[in-house]
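Survey of secondary and tertiary structure
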Amino acid sequence: VQLQAFGGGLVQAGGSLRLSCAGSGRTFSRYAMGWFRQAPGKEREFAATISGSGGSTYYASSVKGRFTISRDNAKNTVYLQMTSLKPEDTAVYYCAASASGVVTMKADVYAYWGQGTLVTVSS
């Protein structure tokens, strides 16, 4: 599956932004999807994941309550709605797909990755 993430940009602290990740292929619903992020000078970290059916989600503690992951399998798209953004949310955000179909925060389980989209939160 090929993935393309978009929707990043510059936003003020406290603002909102919605990222989208479009996938190719007819079996998109079989893949669990995840969002990861990498801040400048830091390692990539897990943000959120959703099962293939969309029935299960899991969030990193740093974004829980502020970010919401969802998907529309008819459109082969997964979303990350980000609210109450903080400067520390500044990072390149990557979407990824796992053929396991179940939620996981482990990056090495995701075999397919998008190119990343930059989110910058100003203070």
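Everything that follows concerns the structure shown earlier in this document.
Please read all numbers here as calculations on a predicted model, not as lab measurements. (Residues numbered from 1 in each chain as written. Predicted model: local features only at pLDDT ≥ 70, side-chain atom pairs only at ≥ 80, totals over all residues. Heavy atoms only, no water.)

A few points about the state of the cysteines
- In total, this model carries one disulfide according to the counting rule given.
- One disulfide in the model links Cys21 with Cys95; its S-S distance is 2.1 Å. Every disulfide takes its handedness from the sign of the S-S torsion; for Cys21 and Cys95 that torsion is 60°, giving right-handed. Taken together, the residues Cys21 in strand S3 (residues 17-23) and Cys95 in strand S9 (residues 91-98) connect sequence positions 74 residues apart. (Disulfide = S-S within 2.5 Å. Helix = DSSP H or I, 4+ residues; strand = E, 2+ residues; numbered from the N terminus.)

What about the pattern of salt bridges?
- Tallied over the entire structure, the rule returns three salt bridges.
- Between Arg37 and Asp89 there is a salt bridge, with its nearest N and O atoms 2.9 Å apart. Here Asp89 lies in the loop between strand S8 (77-82) and S9 and Arg37 lies in strand S4 (residues 32-38), a separation of 52 residues in the sequence. Accessibility classification places Arg37 together with Asp89 in one group, the buried group.
- One network of salt bridges, in which partners are shared, links Arg37, Glu45, Arg66 and Asp89. (Salt bridge = Lys/Arg side-chain N within 4 Å of Asp/Glu carboxyl O. Buried < 20%, exposed > 50% of the residue type's maximum accessible area, 1.4 Å probe, protein only.)

Considerations on the sheet that holds S3
- Ordered in space as S1-S3-S8-S7, the four strands form an open sheet in which the pairing is antiparallel. Edge strands, defined here as strands with exactly one partner in the open sheet, are strand S1 (3-6) and strand S7 (67-72). Taken over all neighbouring pairs, the strand axes of this sheet differ in orientation by 15° on average, direction set aside.
- As defined by bridge partners, S7 adjoins S8 across six bridges and the pair is classed as antiparallel. Its bridge partner being in S8, Phe67 is matched across the sheet by Met82. (Pairing = 2+ DSSP bridges. Axes fitted to C-alpha atoms, helices over the stretch in contact; angles between N-to-C directions.)

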